[in-house]
Amino acid sequence: MSKTTALIIPAYREAERVGAVVRSALAQGLGLDVIVVDDGSPDETAQAARAAGATVISHPYNLGYGCALHTGYCHAWRQGYERLLQMDADGQHDPAMLPRLVDALDRGADVVLGSRYLAGDAPPTSFAKRTATKMFASIASRWTGMRITDPTSGFQGLSRRALECVVNDGFPEDYPDTDVLVQHHRAGLKLAEVPVRMHIRQGGLSMHRGARIAYYGYKMLLTLMLLPIRRPTPLRARDTVARWS
Amino acid sequence: MIADLAHAVADVAPLLDRQRYVALGVAAAVVVVVFELMRRRKLREEYSWVWVATAAFVAVLALEGNVLTAISAFVGSSSPVWTLFFGAMVFLLALALQFSVRLSRLTHRHRTLGQRVALLEAEIQRLREQDAGERAPERRAGERATPNRARDIVA
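Residues numbered from 1 in each chain as written. Chains lettered and ligands numbered in written order. Predicted model: local features only at pLDDT ≥ 70, side-chain atom pairs only at ≥ 80, totals over all residues.

A. Summary view of the overall build of chain B. Helices and strands together make up the secondary structure of chain B, namely five helices and zero strands. Classification of the 155 residues of chain B by burial places 14% in the buried group. Nonlocal contacts in chain B, meaning residues at least 24 apart in sequence, comprise 61% of its contacts between residues at least 6 apart. (Helix = DSSP H or I, 4+ residues; strand = E, 2+ residues; numbered from the N terminus. Buried ≥ 20, exposed ≤ 12 C-beta atoms within 10 Å, placed from the backbone. Contact = placed C-beta atoms within 7 Å.)

Structural data, given as structure tokens:
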């Protein structure tokens, strides 16, 4: 069974926003299958997403943003989707920009990154977050050999080839951004960045907030340093999420 | 070298009887608590042996004071009590590190399990919906047939 395009939306405590995001994505007329991964939300996120027309996968408990994305990837992989788009459920990512990601995938890119900075009208963020983004953009650009302006963007598109890389068990459980881009580059995937419009988040809590930004910086630097010398995650059949048992 | 060590051993103050009894008491208490936890099924056997072995080791050190004195001389300590505390600290550090490794492995498995449950539930839901869709025409046909059968029964 081969399907065309899945849109993965990881969501946690987004009952008030996810419905509008799903409806807006479906209204783009791209023939998308919208899949919301509810990351163990205590509110009505799953019901709101289902009512808006999405397929919902619910984690039994909160596992984190990276895990929610990974579950979506594994679902798309199992269901045989040819390509995948991903966006956040908090209203930051404008569904009207989805065709730009699809176009870039059609032009042969394996990984497309929607950049708020290329468009020139990025919503304001905190100084700490801006600094971290600049630093990791510089590292990612240097490592991949191409200009990357928004490595923390969760507004992305992946080809089936890229999907094969991210369904492995080594996918980071939290903050999957610069390290994943570098891994894509090392796997020989073609990266591209397209300008997208983003909005100020409509509500909820950012995972880049307060002391978490310091942990994010520490974790990302550590992961990047370990990347060239780290052993691959052992793929035991019983631990592999992507595989059908 | 051996002569130096023998000299150092002579410099180390021997373990007092009271210290010896306290150490033995602590070792016995550890064994009792570990057995009680296992009896209540709060501690698995696989994690108990480390504590039982530790208690046995402390008991041996208390009973055989020369061993502790020799170790103290070797590490350059003038007091066997300090050596005991230092050894306990290193041991607990190693244990904590080992538990961190186990915790990392369990976290990975717990997350994988959660993800697989979520995916399987989604698949069950999809198959149910597919099944319901396939049965709907059959049900509609059955519903049309029912009044006819009812008429037959009445007749």
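Moving on from the coordinates now.
B. Structural context of the packing of helix α5 (residues 127–144) of chain A against helix α7 (residues 178–186) of chain A. Residues and elements named next belong to chain A. Look at α5 against α7: their axes get within 10 Å of each other, and the N-to-C directions meet at 5°. Between α5 and α7, the interaxial angle falls into the category roughly parallel. Mapping the contact onto sequence places F136, I139, A140, W143 and T144 in α5 and T178, L181, V182 and H185 in α7. A class-by-class count of the residues in the contact of α5 with α7 yields six nonpolar, three polar and no charged. (Axes fitted to C-alpha atoms, helices over the stretch in contact; angles between N-to-C directions. Parallel < 35°, antiparallel > 145°, perpendicular 65-115°, else oblique. Nonpolar A, V, L, I, M, F, W, Y, C, P; charged D, E, K, R; others polar.)

C. Molecular detail of the interface of chain B and chain A. The partner chain A presents 15 residues to the eleven residues of chain B that form the contact. Of the residues contributing to the side of chain B that touches chain A, the split by class is four nonpolar, three polar and four charged.

D. Local environment of unusual backbone geometry. Although it is not a glycine, Y175 of chain A adopts a positive phi angle of roughly 50°. Mapped onto the elements of the fold, Y175 of chain A is located in the loop between α6 (160–166) and α7. Its 21 C-beta neighbours within 10 Å are what place Y175 of chain A among the buried residues. Positive phi is not limited to glycine here, since R41 of chain B has a value of about 60°. Mapped onto the elements of the fold, R41 of chain B is located in the loop between α2 (17–39) and α3 (45–63).

E. Region of the structure containing the nonpolar core. Counting residues in hydrophobic clusters, the biggest one holds 69 residues, and the most contacted among them are L7, I9 and V36 of chain A. With eight residues, the single largest contributor to this core is helix α3 (residues 65–79) of chain A. Those residues in contact with L7 of chain A that sit more than four places away from it in its chain are A25, L32, V34, I35, L85 and M87 of chain A. A23, A27, A62 and L84 of chain B belong to the second-largest nonpolar core, a separate cluster that totals nine residues. (Core = buried A, V, L, I, M, F, W, Y, C linked by C-beta atoms within 7 Å.)

F. Here's a closer look at the confidence of the model for chain B. Residues and elements named next belong to chain B. Summarising the model, chain B shows a mean pLDDT of 83, and 82% of its residues fall at 70 or more. Mean pLDDT per element in chain B: helix α1 (residues 2–11) is the minimum at 65, and α2 is the maximum at 92. Contacts from residues 148–155, a stretch scored under 50 in pLDDT, to residues over four places away or in other chains number zero contacts. Of the two predicted TM-score estimates for the complex, the pTM is 0.80 and the ipTM is 0.82. (pLDDT = per-residue confidence, 0-100.)

G. Looking closely at the pairing of strand β1 (residues 3–11) of chain A. Residue and element names in this part refer to chain A. With seven of nine residues buried, β1 is to be regarded as a mostly interior element. With five bridges connecting them, β1 and strand β4 (residues 81–86) associate as parallel partners. Looking at the pairing, T5 lines up with R83 of β4. When β1 meets strand β2 (residues 33–38), the two strands line up parallel, connected through six bridges. Directly across from A6, in β2, lies its bridge partner D33. Crossover connection from β1 via helix α1 (residues 18–26) to parallel β2: handedness right-handed. (Pairing = 2+ DSSP bridges. Right-handed = clockwise from strand over helix to strand, strands pointing away.)

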